[in-house]
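# Summary of structural features
These are the residues of each chain, in order.
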Amino acid sequence: NMTFCVGPRNVSSITPAFGPTTGGTTGIVSLDTETLELPISQCRFGTAVVDATPLSDHEAMCTSPPGVSGFVSVEVRSSGSRFFASDIVFEYLDPLLIRHIEPLHA
């Protein structure tokens, strides 16, 4: 029998740490440990859960879902485990709207 120990998996960073409210920002989530554990299977942005693409035992790629402007916590979990709390946040930004460009001619 094999036993997997999945201890606390604290998120140490997400890069980039911001994106539009429309979602679709692909970021790299890193953990504060490199111990051999199960890879990250999901990320949670606030209350929205998305599947993760594991890159290693301590990094995964997650794409932000749509959200409202402001900050949300970023948490991760391995398959079958609970989400672990994090102090790391992702900032949702309203899309940029260009209203005027000058000069009109070069």
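Preceding this section is the structure that the text describes.
Residues numbered from 1 in each chain as written. Predicted model: local features only at pLDDT ≥ 70, side-chain atom pairs only at ≥ 80, totals over all residues. Heavy atoms only, no water.

With that out of the way, let us pick up the packing of aromatic side chains. The final tally for this structure, using the stated rule, is 2 aromatic pairs. Ring geometry for phenylalanine 45 against phenylalanine 90: centres 5.4 Å apart, planes inclined by 90°, an arrangement best described as edge-to-face. Of this pair, phenylalanine 45 sits in strand β4 (residues 40-45) while phenylalanine 90 sits in strand β9 (residues 89-93); the two residues are 45 residues apart in sequence, bridging distant segments of the chain. In this structure phenylalanine 45 comes out as buried when scored by relative accessible area, which is 3%. (Phe/Tyr/Trp six-rings, centres within 6.5 Å; stacked < 30°, edge-to-face > 60°. Helix = DSSP H or I, 4+ residues; strand = E, 2+ residues; numbered from the N terminus. Buried < 20%, exposed > 50% of the residue type's maximum accessible area, 1.4 Å probe, protein only.)

So, on to the sheet that holds strand β6 (residues 53-54). Pairing within the open sheet is antiparallel, and its 4 strands lie in the order β1-β3-β7-β6. The sheet is open, and its two borders are formed by β1 (11-15) and β6, each paired with just one other strand. As paired strands, strand β3 (residues 26-31) and strand β7 (residues 59-63) are joined by 5 bridges and run antiparallel to one another. Note that in β7 the partner of isoleucine 28 across the bridge is methionine 61. (Pairing = 2+ DSSP bridges.)

Moving on: the side chain of threonine 21. Topologically, threonine 21 is positioned in the loop between β2 (18-20) and β3. When its relative accessible area of 15% is taken as the criterion, threonine 21 is described as buried.

Turning our attention to the sheet that holds strand β8 (residues 70-78). Two strands in a sheet stick together by hydrogen bonds in their backbones, pointing the same way (parallel) or opposite ways (antiparallel). Strand order across the open sheet formed by 5 strands is β2-β9-β8-β4-β5, with mixed pairing between neighbours. Since the sheet does not close on itself, it has two edges, and those belong to β2 and β5 (48-51), each with one partner. Strand-to-strand twist in this sheet, taken as the mean axis angle between neighbours without regard to direction, amounts to 30°. (Axes fitted to C-alpha atoms, helices over the stretch in contact; angles between N-to-C directions.)

Among the surface-exposed residues, Leu96, Ile98 and Ile101 lie close enough to one another that they form a single nonpolar patch of about 380 Å² accessible area. Inspection of the secondary structure assignment puts leucine 96 in the segment after β9. (Patch = residues over 30% accessible without salt bridge, like charges linked within 9 Å, V, L, I, M, F, W, Y side chains within 5 Å. Areas by Shrake-Rupley, 256 points an atom, 1.4 Å probe, with all protein chains shown as cover. Salt bridge = Lys/Arg side-chain N within 4 Å of Asp/Glu carboxyl O.)

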